[in-house]
Amino acid sequence: MKPHKYLLTEDRIPQAWYNLVPGLPVPPAPVLHPGTLQPVTPDDLLPLFPMALIAQEASVEPWIEIPKEVRGVYRHWRPSPLYRARRLEKQLDTPARIYYKYEGVSPAGSHKPNTAVAQAYYNKREGTRRLVTETGAGQWGSSLAMACSFFGLECKVFMVRVSYDQKPYRRALMEAYGASVTPSPSPETESGKAILARHPDSTGSLGIAISEAVEVAAQDPTAHYALGSVLNHVLLHQTVIGLEAIEQMEMAGDQPDVIVGCTGGGSNFAGIAFPFIGRNLKGKGNARVVAVEPSACPSLTKGRFAYDFGDTGHLTPLAKMYTLGSAFVPPGIHAGGLRYHGMAPLVSHLLDLGLIEATAVQQLDAFAAGVEFARAEGILPAPEANHAVAGALREALRCKQEGVRRTILFNLCGHGHFDMQAYIDYHAGKLLNFDYPAEEIAMALAGLPAV
Ligand SMILES: *Cc1c(COP(=O)(O)O)cnc(C)c1O
């Protein structure tokens, strides 16, 4: 295949992000204003986001040019490497060929800077002084803190309480980049106070932290809000992963039969998968695409496809997505980045259309897979990424059982160097599998807004 003019240039970084929306057979459901239940307008979003990102959120252009300032930062670590996991293949004694795209080479150690840099750039260009956000495991917070320091913005991060306690080094990294970090729920916001009044020992959740960040950003005219996953523009920015992977697979003379990614809010999964799904839709490929989520927070496999709030405090618009209910507080698994009650509307839409598959993995199986991977390939994955590794191992073992040689590509979305406490606990036998929290989910789903 001839390189598309928008794919890779001389320096091998994509020149444009790939927007899957215009290529879809059915458009996704609109995002609704929670008061009027009418589709949100750009004006509704202006207190929170810069115009450029609002435009991207609703864009039906297939390609959106990456500003040169953003590509200039991407150049520090992009293109990220694609590896063939030969030692892992041998260790598994599988006929499968396994490839992984490694996003842990970014300075913050995950895929998140791909969108953090873009969001900081557009905010700076439109005069924002301060960005407010939430973080689960700390990867998004550190990525945005870094991007803010590159573009001269202040950064405030609400960090989910359980991670704030489990991951002091992530917090230290954010502070090193110049951000201020507050554990969530906090007494600094009305949303945080409401939670603390009912649950003084709350371990927090992404849904709660989002409410706090949105509240602070909406009240400060010099501030905007930034989200590290879920939204269309975030998924869009992550497509650099898949665009590079398409070209790198071609350089390797191979094509994926199966593509695997882990899903918290859906952004790294979308990043690797959407460009390949676009090819599938054009009849130029037929790769299966598998999303892997934790059994303790199974939005895609056990959630309902319905309109719901993106946050616990009900400050956000309503999006149609696979959700466990915005009141659901997931168990404190170590994959903090996967503890979100909902799923990106676009990823949800693809599952509803049957264009992707979803599967769930228990915490201990995810860690076992990550350790097996590290022993073969040397890279210690983030706890979130362990879910993608576990999904890829399952596919590889199926190839072995069926005696079929398939090519598997998965996204290794980050390294686990800041998650060593999780590995210490795993090796000490202290990590638990969580049963599917059926009762709490049923309760949370009963509270879905009537739309
Ligand atoms: C944030 C994060 C995730 C979960 O978010 P997605 O939007 O689903 O990608 C997964 N892995 C890593 C390493 C992360 O930092």
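Keep in mind the model is a prediction, meaning the values are calculated, not measured.

About the criteria used
Residues numbered from 1 in each chain as written. Predicted model: local features only at pLDDT ≥ 70, side-chain atom pairs only at ≥ 80, totals over all residues. Heavy atoms only, no water. Helix = DSSP H or I, 4+ residues; strand = E, 2+ residues; numbered from the N terminus. Rg over C-alpha atoms; globule rule 2.2 N^0.38 Å. Buried < 20%, exposed > 50% of the residue type's maximum accessible area, 1.4 Å probe, protein only. Contact = heavy atoms within 4.5 Å. Areas by Shrake-Rupley, 256 points an atom, 1.4 Å probe, with all protein chains shown as cover. Lys, Arg positive; Asp, Glu negative; His and termini not counted. Charge placed at Lys NZ, Arg CZ, Asp CG, Glu CD. Near = heavy atom within 4 Å. Polar contact = N/O pair within 3.5 Å; in protein donor to acceptor, adjacent residues only side chain to side chain. Nonpolar A, V, L, I, M, F, W, Y, C, P; charged D, E, K, R; others polar. Pairing = 2+ DSSP bridges. Axes fitted to C-alpha atoms, helices over the stretch in contact; angles between N-to-C directions. Expected span 1.5 Å × (residues − 1). Arc of directions from axis to C-beta. Salt bridge = Lys/Arg side-chain N within 4 Å of Asp/Glu carboxyl O. Parallel < 35°, antiparallel > 145°, perpendicular 65-115°, else oblique. Left-handed = near helix turned anticlockwise from the far one by under 90°. Phe/Tyr/Trp six-rings, centres within 6.5 Å; stacked < 30°, edge-to-face > 60°.

Looking at the overall build of the protein
Then comes step 1: Counting secondary structure elements, the protein contains 19 helices and 14 strands.
Then comes step 2: For a compact globule of 451 residues, the expected C-alpha radius of gyration is about 22 Å, and the protein comes in at 20 Å, within 12% of that figure.
Then comes step 3: In terms of overall dimensions, the protein has C-alpha extents of about 55 × 50 × 45 Å along its principal axes.
Then comes step 4: In the protein, buried positions account for 63% of the 451 residues.
Then comes step 5: Contacts in the protein between residues far apart in sequence, at least 24 positions, make up 76% of those at least 6 positions apart.
Then comes step 6: Per element, the accessible surface of the protein, about 16,700 Å² overall, is 54% carbon and sulfur.
Then comes step 7: Each charge sign in the protein was given a centre, from 40 positive and 43 negative side chains, and these centres are 6 Å apart.

Notes on the site of the ligand
Then comes step 1: Around the ligand lies a shell of 17 residues, among which Lys112, Ser229, Gly264, Ser267 and Asn268 are the nearest.
Then comes step 2: Contact distances for the ligand include 3.1 Å between an oxygen atom and a side-chain N or O atom of His111.
Then comes step 3: A distance of 2.7 Å is found between an oxygen atom of the ligand and a side-chain nitrogen or oxygen belonging to Lys112.
Then comes step 4: For the shell around the ligand, a count of residues per class yields 3 nonpolar, 12 polar and 2 charged.

Some points on the sheet that holds strand β7 (residues 180-184)
Then comes step 1: Strand order in the open sheet formed by 4 strands is β7-β6-β5-β8, and the pairing between neighbours is parallel. Of all the strands in the sheet, just β7 and β8 (223-225) have a single pairing partner and so form its edges. Across the sheet, the mean angle separating the axes of adjacent strands is 25° when strand polarity is ignored.
Then comes step 2: Taken together, the 6 bridges between strand β5 (residues 130-135) and strand β6 (residues 154-160) define a ladder with parallel strand orientation. Counterpart to Val132 in the pairing with β6 is Lys156.

A closer look at the pairing of β7
Then comes step 1: Counting buried residues in β7 gives 4 out of 5 residues, a clear majority hidden from the surface.
Then comes step 2: Where β6 meets β7, 5 bridges bridge the pair, whose relative direction is parallel. Note that in β7 the partner of Phe158 across the bridge is Thr182.

Topic: helix α6 (residues 139-151)
Then comes step 1: In this model α6 runs 19 Å from its N-terminal to its C-terminal C-alpha over 13 residues, within 8% of the 18 Å that 1.5 Å per residue would give.
Then comes step 2: Burial analysis of α6 places 11 of its 13 residues in the buried class, which makes it a mostly covered element.
Then comes step 3: Of the residues making up α6, those classed as buried are Gln139, Trp140, Gly141, Ser142, Ser143, Leu144, Ala145, Met146, Ala147, Cys148 and Phe151.
Then comes step 4: Close packing links the buried residues of α6 with α3 (68-74), α5 (113-125), β5, β6, α8 (168-176) and α17 (383-402).
Then comes step 5: Positive phi appears at Gly152, one or two residues downstream of α6, with a value of about 70°.

Examining helix α18 (residues 420-427)
Then comes step 1: Residues Ala422, Tyr423, Asp425 and Tyr426 constitute the buried set of α18. One face of α18 carries all of its buried residues, which in axial projection span an arc of 160°.
Then comes step 2: Elements that come into contact with the buried residues of α18 comprise α16 (363-377) and α17.

Focus: the environment of Ala374
Then comes step 1: Note on placement: Ala374 falls in helix α16.
Then comes step 2: Separated by 313 residues in the primary sequence, Ala374 and Glu61 have C-alpha atoms spaced 40 Å apart.
Then comes step 3: Beyond its immediate sequence surroundings of up to four residues, Ala374 is in contact with Ile379 and Leu380.

Some words on the side chain of Glu89
Then comes step 1: By the element assignment, Glu89 lies in helix α4 (residues 86-92).
Then comes step 2: With residues up to four places along the chain from it excluded, the contact list for Glu89 reads Arg84, Thr94, Ala96, Arg97 and Ile98.

With respect to the pattern of salt bridges
Then comes step 1: Scanning the entire structure with this criterion turns up 19 salt bridges.
Then comes step 2: Here Arg84 ties to Glu89 by a salt bridge, and the two come within 2.7 Å at their closest N and O atoms.
Then comes step 3: Residues joined in a network through salt bridges with shared partners are Arg288, Glu357, Glu395, Arg398, Glu402 and Arg406.

So, the sheet that holds strand β10 (residues 288-294)
Then comes step 1: The mixed open sheet is built from 6 strands, whose spatial order is β3-β4-β14-β9-β10-β13. This sheet does not close on itself; its edge strands, each paired only once, are β3 (82-84) and β13 (357-361). On average, each strand axis in the sheet is inclined to that of its neighbour by 25°, with strand direction left out of account.
Then comes step 2: Pairing geometry for β10 and β13, over 5 bridges, is parallel. Counterpart to Val292 in the pairing with β13 is Thr359.
Then comes step 3: Against the sheet, α16 makes contact with β3, β4 (97-102), β13 and β14 (407-412), and its axis sits at roughly 95° relative to β13, the strand it touches most.

So, the packing of helix α13 (residues 267-281) against helix α15 (residues 345-352)
Then comes step 1: Two numbers describe how α13 lies on α15: the axes approach to 11 Å, and their chain directions differ by 50°. What the angle tells us is that α13 and α15 run oblique. Considering how the two elements wind past one another, α13 and α15 form a crossing that is left-handed. For the pair α13 and α15, the contacting residues are Phe269, Ala270, Phe274 and Ile277 in the first and Leu346, Val347 and Leu350 in the second.
Then comes step 2: Tallied by class, residues from the contact of α13 with α15 come to 7 nonpolar, no polar and no charged.

Side note on the packing of aromatic side chains
Remark: the centre distance and the inter-plane angle together describe each pair of aromatic rings, the angle taken between the planes.
Then comes step 1: Inspection of every chain in the model, using the stated rule, returns 12 aromatic pairs.
Then comes step 2: Ring centres of Phe367 and Tyr423 lie 5.1 Å apart, and the angle between their planes is 65°; this geometry places the pair in the edge-to-face category. Taken together, the residues span a long stretch of sequence, with Phe367 in helix α16 and Tyr423 in helix α18 at a distance of 56 residues.
Then comes step 3: Note on Phe367: relative accessible area 1%, which makes it buried.

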